[in-house]
Amino acid sequence: MPFLMRYLILSVDYEIFGNGSGDVRQHVIEPTDRLARICEKQNVPLTVFFEVEEYLAFMRHAGQLKRDLGYDPAALIAKQIISLIGKGHDVQLHLHPEWHGACYQEGQWLLNPTKKNVDSLFDSQSEVDAYIESRKGVIEDLAAKAGSSQKVNVYRAGAFSAQPGRKLLAALANNGFCIDSSVVRGLFSADRGYDYRLAPDAKGPWRVREDVAREEAEGPLWEFPIYSVMGRRFNQLTFRTLRAKFSKNIPKVKQKEMVAQLNLNPSNPFKILRFLWQPVPIKLDFHNMNARKMLRWIDIAPKPENGQCDALVFIGHTKEHIDDRPLEQLLSKLADNPEVKVISFWDLAHQMRTGWNDEVRKTVPKSPVLG
């Protein structure tokens, strides 16, 4: 029997910039407060993918950071995560392995650029199992301080780098995870070593065991991809996207790094045209779209062909949240649509694990406090 409604998951990656630049108050705490207030106004949950490795680095260097910055980033993060969980928002695991063992020297973070995925961190499966268990435990310990017994059971790889993933996926399954949400169908990075161009169609979830981009019918985990459609690179060059990437909110060093990564020669217009014509996936990103476009995507997105749960995963990043209006307008419009429901990944994981039935499909239970 087909699902009776379309579910939407508002997920946001909770982190500073991938090169270690950024200010926790400006790029994490303040925008997350605003996002949470918008969601609470409409009584819907926000799913926060908490970058735990980054947080642990802040904890290790708390004294020096407090002397340099005048505040303790880890303490602010812990306070906010506890508050979010206490209000019924969903907090799940997010890791950038480059932060593993990161050092803070002379006001800068020194990350490990050779560690681009969890599989590269350790040699044995038991070490990866223990690593995921400890990082999951960080969130669950904070949840306990919020008076919540909610478990962490959803994962998103930093920079979408979930391949090769054999050890990662086994570790997730061994630690009670049931969902990964790292795939953007069509995304490819030779530098980071992932290729999602041949992933199953982004119309619905699929089961995985050793590779997030390959369906395995008996896999212990579900892959819920970040929803995307294929377009051309020039389609990404919207006013909202450029403002999110190059506003005064973004550190100058990060802007220069992004420009350098493009490797474009202004004197070679043909190279620029070829670059702009490249096919790329356009993600369902609530920071880079207006409400009208998001509503249109929600309306026209195909139903899953495999009869699985009809869920569209949105993505955002705290550091790119500049304008409240698109999300406010989106949620206001959705409040009057009985065929669409915003749920958390925690809700989704619970139902995927316990099994959907006709009654469950009518009303998915909301997160503990919001609903």
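Since we're looking at a predicted model, the values are computed, not measured. (Residues numbered from 1 in each chain as written. Predicted model: local features only at pLDDT ≥ 70, side-chain atom pairs only at ≥ 80, totals over all residues. Heavy atoms only, no water.)

Quick notes on the overall build of the protein
- A tally of regular secondary structure across the protein gives 13 helices and 15 strands.
- In the protein, buried positions account for 55% of the 371 residues.
- The contacts of the protein with a sequence gap of at least 6 include a subset with a gap of at least 24, amounting to 76%.
- Within the structure as shown, the protein displays about 16700 Å² of accessible surface, and the carbon and sulfur contribution to it stands at 52%. (Helix = DSSP H or I, 4+ residues; strand = E, 2+ residues; numbered from the N terminus. Buried < 20%, exposed > 50% of the residue type's maximum accessible area, 1.4 Å probe, protein only. Contact = heavy atoms within 4.5 Å. Areas by Shrake-Rupley, 256 points an atom, 1.4 Å probe, with all protein chains shown as cover.)

A few points about the packing of helix H1 (residues 24-41) against helix H11 (residues 325-334)
- The contact between H1 and H11 brings their axes to 10 Å, and the two run at 15°. For the element pair H1 / H11, the angle class is roughly parallel. For the pair H1 and H11, the sense of crossing is right-handed. Contacts from Leu35, Ile38 and Cys39 in H1 reach Leu327, Glu328 and Leu331 in H11. (Axes fitted to C-alpha atoms, helices over the stretch in contact; angles between N-to-C directions. Parallel < 35°, antiparallel > 145°, perpendicular 65-115°, else oblique. Left-handed = near helix turned anticlockwise from the far one by under 90°.)

Section: unusual backbone geometry
- The linkage connecting Gln163 with the following residue, Pro164, adopts the cis geometry, with an omega of 5°.
- For Asn43, which is not glycine, the phi torsion reads 60° and is therefore positive.
- Mapped onto the fold, Asn43 is located in the loop between H1 and strand E2 (47-51).
- Residue Asn43 is classed as partly exposed on the basis of its relative accessible area, which comes to 30%.
- One non-glycine residue, Phe160, lies in positive phi territory at about 65°.
- What makes Phe160 buried here is its relative accessible area of 13%.

Quick word on the nonpolar core
- Ranked by size, the top nonpolar core spans 105 residues in total, and within it Phe50, Tyr196 and Phe224 carry the most contacts.
- In contact with Tyr196, not counting residues within four places along its chain, are Phe160, Ser161, Ala162, Gln163, Ser182, Val183, Val184, Arg185, Gly186, Leu187, Val212 and Ala213. (Core = buried A, V, L, I, M, F, W, Y, C linked by side-chain atoms within 4.5 Å.)

Digging into the confidence of the model for the protein
- Looking at the protein, pLDDT values average 88 and 83% of them are 70 or higher.
- pLDDT under 50 marks residues 357-369. Its contacts with residues more than four places away, or in other chains, come to 33 contacts. (pLDDT = per-residue confidence, 0-100.)

With respect to the packing of aromatic side chains
- Inspection of the entire model under this criterion finds 10 aromatic pairs.
- On the numbers, 6.2 Å between centres and 85° between planes, the contact of Tyr227 with Trp297 is edge-to-face. Of the two residues, Tyr227 is situated in the loop between strand E11 (221-223) and strand E12 (228-232) and Trp297 in helix H10 (residues 291-300); the sequence distance between them amounts to 70 residues.
- What makes Trp297 buried here is its relative accessible area of 9%. (Phe/Tyr/Trp six-rings, centres within 6.5 Å; stacked < 30°, edge-to-face > 60°.)

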